[in-house]
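Architecture at a glance
The chain contents come next:
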Amino acid sequence: MLKNVAALLLDEVHPFELGVLCEVFGLDRSDEGLPVHDFAVVSAEGPVLQTHAGFTISTPHGLDRLEEADLVAVPAGSHFMDREYPEDVLAALRRAVDRGARVLSVCSGAYVLGAAGLLDGRRCTTHWRHAAELARRFPRAVVEPDVLYVDDGSVITSAGTAAGIDACLHLVRQAHGTDVANAIARRMVVPPHRDGGQAQYIKRPLPRTACDTVGGTLAWMEGHLDQEMTVEQLAAQAHMSPRTFARRFQQETGTTPYRWLLRQRVLLAQHLLETSDETMDGIAGRTGFGNAAALRHQFVKSLGTTPNSYRRTFRGPMSVSEAA
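Quick summary incoming for the structure in this document. (Residues numbered from 1 in each chain as written. Predicted model: local features only at pLDDT ≥ 70, side-chain atom pairs only at ≥ 80, totals over all residues. Heavy atoms only, no water.)

**Things to note about the overall build of the protein**
Using the following cut-off: In this text, helices come from DSSP runs of H or I with a minimum length of four residues, and strands from runs of E with a minimum of two, each type numbered from the N-terminal end. The buried label goes to any residue with under 20% of its type's maximum accessible area, the exposed label to any with over 50%, and the partly exposed label to all in between, with areas taken from a 1.4 Å probe on protein chains only. Contact between two residues is taken to exist if any of their heavy atoms lie within 4.5 Å; hydrogens are not considered. Per-residue and other accessible areas were derived by the Shrake-Rupley procedure at a 1.4 Å probe size, with only the shown protein chains allowed to occlude residues. Here Asp and Glu are counted as negative and Lys and Arg as positive; His is not counted, and neither are the chain ends. In this description, the location of a charge corresponds to atom NZ of lysine, CZ of arginine, CG of aspartate or CD of glutamate.
Summing up its helical and strand segments, the protein has 13 helices and ten strands in all. For the protein, the spread of C-alpha atoms along the principal axes amounts to about 70 × 45 × 35 Å. A total of 324 residues make up the protein; the buried ones form 48% of that total. Contacts in the protein between residues far apart in sequence, at least 24 positions, make up 63% of those at least 6 positions apart. Carbon and sulfur atoms make up 50% of the accessible area of the protein, which totals about 15,200 Å². Distance from the positive charge centre (33 side chains) to the negative charge centre (38 side chains) of the protein: 6 Å.

**Considerations on the packing of aromatic side chains**
Our working definition: Each Phe, Tyr or Trp ring (for Trp, its six-membered ring) is paired with any other whose centre lies within 6.5 Å, and the angle between the two planes then decides the class: stacked below 30 degrees, edge-to-face above 60, tilted in between.
In this structure the tally under the stated criterion is five aromatic pairs. Ring centres 5.4 Å apart and planes at 75° place the aromatic pair F299 and Y310 in the edge-to-face group. Highlighted residues: F299 in helix α12 (residues 292-303) and Y310 in helix α13 (residues 307-315), separated in sequence by eleven residues. On the basis of relative accessible area, Y310 is assigned to the buried category, the value being 2%. Site record: aromatic cluster; members linked through ring pairs are F245, F249 and W260.

**So, the pairing of strand β1 (residues 4-9)**
Note the cut-off: By convention, a crossover is right-handed whenever its connection, traced from the first strand over the helix to the second and viewed with the strands pointing away, goes clockwise. For two strands to be treated as a pair, DSSP must find at least two bridges joining them.
For β1, the tally of buried residues reaches six of six residues, placing the bulk of the element in the interior. Burial along β1 is two-sided: N4, A6 and L8 facing one way and V5, A7 and L9 facing the other are all buried. Note that the unit made of β1, helix α1 (residues 15-25) and strand β2 (residues 38-43) has a crossover that is right-handed. The sheet contact formed by β1 and strand β5 (residues 71-74) spans three bridges and is parallel.

And the structure:
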């Protein structure tokens with residue numbers, strides 16, 4: 001059941017993330033035959049709240065409004081990573097879950113759920129920039145930094161702003177069916193479901209090599225990503241035995257030569273997809289994957305989306321013919 005929805009606001013709330021909740025759950029679309037939610041904006045810290053954008057939001061609803069909600073949604077806010085939260089707010093969130101309601105966070109709102117203990121033992125996510133800190137602050141949480149949202153039963157967490165839309169439409173789809181979710185998505189002019197995860201949006205520049213004994217070999221590898229490489233060849237390049245090279249490589253990079261090489265090839269493929277009009281076979285050749293099928297396989301495995309989808313996302317419709 002999803003009829004009653006409350007957005008729980010704390011000081012310095014981000015208006016855009018709040019707007020996502022208002023747009024999905026707060027609009028009356030009954031003229032289109034769509035269900036109407038009993039939606040309320042609830043203040044956790046007084047009747048007037050500051051936003052991070054410099055204006056205020058006022059609402060007559062306090063924490064008692066949460067007691068009747070089927071879904072309590074917590075949008076992002078400034079400094080959520082390092083602030084403390086009122087105990088009555090955390091207790092209200094725990095009561096909601098205990099009585100069978102669901103809670104949803106958008107972006108850094110996950111920190112509020114974590115402070116309430118609701119992420120303990122649960123899979124969860126947040127914006128990729130905050131994922132490592134979320135895992136450090138709440139070590140019992142199972143943080144998945146590459147996904148757009150996680151539905152772990154009574155607790156749903158989402159990544160950045162647009163991922164909040166994905167999570168909200170997912171909840172609508174569960175409660176009211178695909179047709180309703182698709183209709184709302186069309187009104188919002190957004191896809192009803194996005195492929196892939198937020199790994200494709202993480203900015204990971206090609207790293208500079210700064211290792212003591214394998215740094216020269218790493219630089220050589222970066223310059224020859226289109227070539228086949230074996231540990232024996234790389235060890236010879238570094239003037240070491242294969243066993244010593246593999247051990248030193250692991251110590252200085254934290255990974256194996258194969259995984260390091262694969263990551264650099266995917267990074268280069270991302271760069272070429274964003275900045276060039278090369279065909280998929282051309283990019284596959286330059287990145288050492290050999291052919292478009294192998295490029296697609298490793299790209300999907302690493303980023304959760306296809307090379308063509310990635311190119312459309314970051315460059316828009318292309319004027320050149322793309323290989324399958």
